[in-house]
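The chain contents come next:
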Amino acid sequence: MDLGLKSKVAMVAGASMGIGYAIAEALAAEGARVVLASRNEERIQGAARRIRETTGGEAWGLVLDVRDPDAGTRFVQAARDAFGPPLILVTNAGGPPPGSFARFDIQDFEEAVRLNFLSAVRLTKAALPDMQAARWGRIVHITSSTVPEPAVGLFLSSAVRPAVAGFSKALATEVARDGITVNMVCPGLIATDRLQELAKHRAQESGLTAEEEFETLGRAVPLGRIGAPKELAAVVAFLCSEPAAYVTGTALRVDGGKVASLL
């Protein structure tokens, strides 16, 4: 299937490794011109170089902290300078630390809001004008399975991530007539550093090793395994495509069947 992404300019946040990197690589493989962003210069430049080498596509790295108030305008300007007006945006950021409500203070909640909600709002706010001018755009917010199903031990994520769902759904309705789709992808257990962190947290309470907890997490998935970043990236690439033009306002789970919700 031709996804119709050749030469389209895409921005992918949190893209130096894990899910974000896999998404940027998938878009570049489809011919998109991708600007990757993350906080670490060595990692993001290395990620952009690897994508150029593995896909033969165009990729450019940007040092950016999505929590900064000017992150959106800087990201968009960098994309314009590198390749032209961006028409695809994938918002993504590392999750807040695991733990119960008793562990966190108000500052922890404020930080989680900046990292996982306001970052998506800022990047979207900055990216929309170019999409509206082109009468075409794709926005995909990467969130978490804590959106459809709040999780014990992931209190901050369970409290903050659903705000992105409300924002995404409302925006999808508002910009639909501009030819812009807005969707959300809710990863389940995907093999990333974040999941390793969760396994270590669970191991502290269970008495098992982090490796044993990682295996236990995989066995709890109906498919019987942890997902690969490239499997989630393929779903995101489709949502960014021409064939996905009639898909908007959705929250798509990529979790191996783990979440029991019907919707």
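How each quantity is defined
Along each chain, the written sequence defines residue order, and numbers are assigned to residues from 1. Since the coordinates come from a predicted model, pLDDT governs what is reported: local features require at least 70, and pairs of side-chain atoms require 80 or more to be given and counted, while whole-chain, interface and lining totals use all residues. Note that the side-chain values use all heavy atoms of the structure and ignore hydrogens as well as water. A run of DSSP states H or I qualifies as a helix once it reaches four residues; a run of E qualifies as a strand once it reaches two. Both are numbered from the N-terminal end. Buried means the residue's accessible area, taken with a 1.4 Å probe over protein chains only, is under 20% of the maximum for its type, while exposed means over 50%, and partly exposed covers the values in between. Put simply, a nonpolar core is a bunch of buried Ala, Val, Leu, Ile, Met, Phe, Trp, Tyr and Cys residues held in one set by side-chain atoms that sit within 4.5 Å of each other. Two residues qualify as a contact provided that any one of their heavy atoms is within 4.5 Å of a heavy atom in the partner residue. The span one expects for a helix is its residue count, reduced by one, times 1.5 Å. Each axis is a line fitted through C-alpha atoms, and for a helix only the stretch in contact is used; angles between axes span 0 to 180 degrees, taken between their N-to-C directions. Every angle not falling under 35 degrees, over 145, or within 65 to 115 is termed oblique; those three ranges are roughly parallel, roughly antiparallel and roughly perpendicular. Crossings are sorted by hand: turned counterclockwise from the far helix by less than a right angle, the near helix makes the crossing left-handed, and turned clockwise it makes it right-handed. Three classes are used, and their members are as follows: Ala, Val, Leu, Ile, Met, Phe, Trp, Tyr, Cys and Pro are nonpolar, Asp, Glu, Lys and Arg are charged, and the others, Gly among them, are polar. Strand pairing is assigned whenever DSSP detects at least two bridges linking the two strands.

Despite not being glycine, Ser 7 shows a phi value in the positive range, around 70°. Along the chain, Ser 7 falls in the segment before β1 (9–13). The phi angle at Arg 135 is positive, at roughly 60°, despite the residue not being glycine. By secondary structure assignment, the location of Arg 135 is in the loop between α4 (106–134) and β5 (137–142). Residue classification places Arg 135 among the partly exposed positions, given a relative accessible area of 48%.

Of all hydrophobic cores here, the largest spans 63 residues; its most connected members are Ile 23, Leu 27, Val 34, Leu 36, Phe 75, Val 90 and Val 236. Top contributing element to this core by residue count: helix α1 (residues 18–29), with 7 residues. When residues no more than four places from it in sequence are discounted, the contact partners of Ile 23 are Val 12, Val 90, Ile 142, Leu 232, Ala 233 and Val 236. Grouped together as the second largest cluster of nonpolar side chains are 9 residues, Leu 154, Leu 189, Ala 199 and Val 221 included.

The terminal C-alpha atoms of helix α5 (residues 155–175) lie 32 Å apart, and with 21 residues this matches the ideal 30 Å at 1.5 Å per residue to within 8%. Within α5 the residues assigned to the buried category are Leu 156, Ser 157, Ser 158, Val 160, Arg 161, Val 164, Ala 165, Ser 168, Leu 171, Ala 172 and Val 175.

So, on to the packing of α1 against helix α8 (residues 229–239). Relative to each other, α1 and α8 sit at 50°, their axes nearing to 8 Å. When the interaxial angle is binned, α1 and α8 end up oblique. At the point where α1 passes α8, the crossing takes the right-handed sense. Residue-level contacts link Gly 18, Ile 19, Ala 22, Ile 23, Ala 26 and Leu 27 of α1 to Pro 229, Lys 230, Leu 232, Ala 233, Val 236 and Ala 237 of α8. Residue composition of the contact of α1 with α8, grouped by class: 10 nonpolar, 1 polar and 1 charged.

A separate point is the sheet that holds strand β4 (residues 88–91). In spatial order, the strands read β3-β2-β1-β4-β5-β6-β7; together these 7 strands make up an open sheet with parallel pairing. Edge positions in the sheet fall to β3 (59–63) and β7 (251–254), since each has one partner strand and no second. Geometrically, the sheet is characterised by an average inter-axis angle of 20° between neighbouring strands, direction not taken into account. Summarising the sheet, β5 and strand β6 (residues 180–187) pair through 6 bridges and their orientation is parallel. Residue pairing across strands places Ile 139 opposite Val 182, the latter belonging to β6. Strands β1, β2 (33–38), β4, β5 and β6 of the sheet are contacted by α1, whose axis makes an angle of about 170° with β1. Contacting β2 and β3, helix α2 (residues 41–55) runs over the sheet at an angle of about 175° to β3.

What is shown is where atoms sit, not what they do.
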